[in-house]
Amino acid sequence: AECRHGGGVSAHLPLRVLLSMSLLFWFSPGNAVSGDCESWVAKIVSVQGSVQIKRAGASAWASAERDQTFCTGDSVRVQSPGRAVVVLANETIIRLDERTAITFPAIERKKSSILDLVKGAIHFISRVPRTLEVKTPFVNAAIEGTEFLVRVDADHTQVIVFEGTVVAGNPYGKVRVNAGYGVNARAGQAPVRHPVANPVDAVQWALYYPP
């Protein structure tokens, strides 16, 4: 993929490499900002437009700020227009599209992690393959790869794999998906695997990173 900015098109490096390098500084322990819990599970490193957070047990949403950290049970939502980038405690980078809402139920360093995606789209990038489970209303996706997209719409969930492997399953069935393929899952139906001709088209919203 190409990373576009105001000065033109950058070198032809994989999007995963570009984003990992640009966010490595923000993830380093010396730059972590203390949160409300002893061990944070995620940290927001970029806020664009309308982004809000809600602490576990709270009822009110508040405006998000860069460098805020999250505890288990905290939530983030991105409204329109807006985008955000979050680094999980296990070093996975996630980019949230507008109209996206997620909750952090259990994310641990160097262990399998769980993320609840209520609605919207998230582009995931991991520096090394690791297991990550994304829960959605229509299918759960066990990730063993380094780059993928999960999108939740009103009546289905879509998963697209750019690199690595995804095992998508619900009570009606399970399917294993490799790079270049996607999965669609609807309520009351088993997930269906399909080839994706132009996977990058699904993440055009994530290709622009401001300086």
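Residues numbered from 1 in each chain as written. Predicted model: local features only at pLDDT ≥ 70, side-chain atom pairs only at ≥ 80, totals over all residues. Heavy atoms only, no water.

1. Concerning the pattern of salt bridges
Right, so step 1: For the structure shown, the criterion picks out four salt bridges.
Right, so step 2: Residue D74 pairs with R55 through a salt bridge whose shortest N-O separation is 2.8 Å. Taken as a pair, D74 in the loop between β5 (69-70) and β6 (75-88) and R55 in the loop between β3 (42-54) and β4 (62-63) lie far apart in primary sequence, 19 residues in all.
Right, so step 3: Classification of D74 by relative accessible area gives buried; the value is 2%.
Right, so step 4: The salt bridge partner of D155 is R186, with a shortest N-O separation of 3.0 Å. Here D155 is found in the loop between β12 (147-152) and β13 (156-163), whereas its partner R186 is found in strand β16 (residues 181-186), with 31 residues between them in sequence. (Salt bridge = Lys/Arg side-chain N within 4 Å of Asp/Glu carboxyl O. Helix = DSSP H or I, 4+ residues; strand = E, 2+ residues; numbered from the N terminus. Buried < 20%, exposed > 50% of the residue type's maximum accessible area, 1.4 Å probe, protein only.)

2. So, the packing of aromatic side chains
Right, so step 1: Tallying each qualifying case throughout the model produces two aromatic pairs.
Right, so step 2: Taking 4.5 Å as the distance between ring centres and 15° as the angle between the ring planes, the aromatic pair formed by F124 and F148 counts as stacked. In this pair, F124 is assigned in strand β9 (residues 113-125) and F148 in strand β12, connecting sequence segments 24 residues apart.
Right, so step 3: Relative accessible area serves as the criterion here: at 2%, F148 is assigned to the buried category.
Right, so step 4: Here the guanidinium or amino end of R193 rests over the ring plane of Y181, the centre of that ring lying 5.4 Å away. (Phe/Tyr/Trp six-rings, centres within 6.5 Å; stacked < 30°, edge-to-face > 60°. Lys NZ or Arg CZ within 6 Å of the ring centre and 35° of its normal.)

3. Focus on the nonpolar core
Right, so step 1: I94, I102, F104 and F124 are the most contacted members of the largest nonpolar core, which totals 37 residues.
Right, so step 2: For this core, the element with the most residues is β6, which contributes five residues.
Right, so step 3: In this structure, I94 is in contact with A84, V85, V86, L88, I102, L115, I122, H123 and F124, ignoring residues within four places of it in sequence.
Right, so step 4: One finds V45, V85, V87 and I93 within the second-largest nonpolar core, a separate group that totals five residues. (Core = buried A, V, L, I, M, F, W, Y, C linked by side-chain atoms within 4.5 Å. Contact = heavy atoms within 4.5 Å.)

4. Section: unusual backbone geometry
Peptide bonds are, in most cases, trans, and in most cases residues other than glycine have a negative phi.
Right, so step 1: Cis geometry marks the peptide bond from S80 to P81; its omega dihedral reads -5°.
Right, so step 2: Among the structural elements, P81 can be located in strand β6.
Right, so step 3: One non-glycine residue with positive phi stands out, namely D67, at about 80°.
Right, so step 4: Relative to the helices and strands, D67 resides in the loop between β4 and β5.
Right, so step 5: What makes D67 buried here is its relative accessible area of 19%.

5. Notes on the confidence of the model for the protein chain
Right, so step 1: Confidence in the prediction for the protein chain averages 79 pLDDT; 73% of positions are at 70 or higher.
Right, so step 2: Here residues 1-15 is modelled with pLDDT under 50, and outside its nearest four sequence neighbours on either side it reaches 30 contacts, counting other chains as well.
Right, so step 3: Note on residues 17-35: pLDDT is under 50 here. Beyond four places in sequence and across chains, it has 35 contacts. (pLDDT = per-residue confidence, 0-100.)

6. Description of the environment of C37
Right, so step 1: Inspection of the secondary structure assignment puts C37 in the loop between α1 (15-27) and β3.
Right, so step 2: The spacing of C37 and F70 is 33 residues in sequence and 7.8 Å in space, taken between C-alpha atoms.
Right, so step 3: Not counting residues within four places of it along the chain, the set of residues in contact with C37 comprises F70 and C71.

7. Thoughts on the environment of V150
Right, so step 1: Topologically, V150 is positioned in strand β12.
Right, so step 2: A relative accessible area of 1% means that V150 is categorised as buried.
Right, so step 3: With 26 residues separating them along the chain, V150 and F124 place their C-alpha atoms 8.1 Å apart.

8. Side note on the environment of V161
Right, so step 1: Along the polypeptide, V161 turns up in strand β13.
Right, so step 2: Note: C-alpha distance between V161 and P195 (34 residues apart in sequence) is 10.0 Å.
Right, so step 3: For V161, the contacting residues outside a window of four places in its chain are E147, F148, V166, V177, N178, A179, G180 and Y181.

9. Here we look at the pairing of strand β11 (residues 140-143)
Right, so step 1: Burial along β11 is one-sided: A141 and I143 are buried, and none of N140 and A142, which face the opposite way, are.
Right, so step 2: As paired elements, strand β10 (residues 132-135) and β11 share four bridges and run antiparallel to each other. In the strand pairing of β11, V134 is matched with A141.
Right, so step 3: Counted along the chain from β10 to the antiparallel partner β11, the turn is four residues long. (Pairing = 2+ DSSP bridges.)

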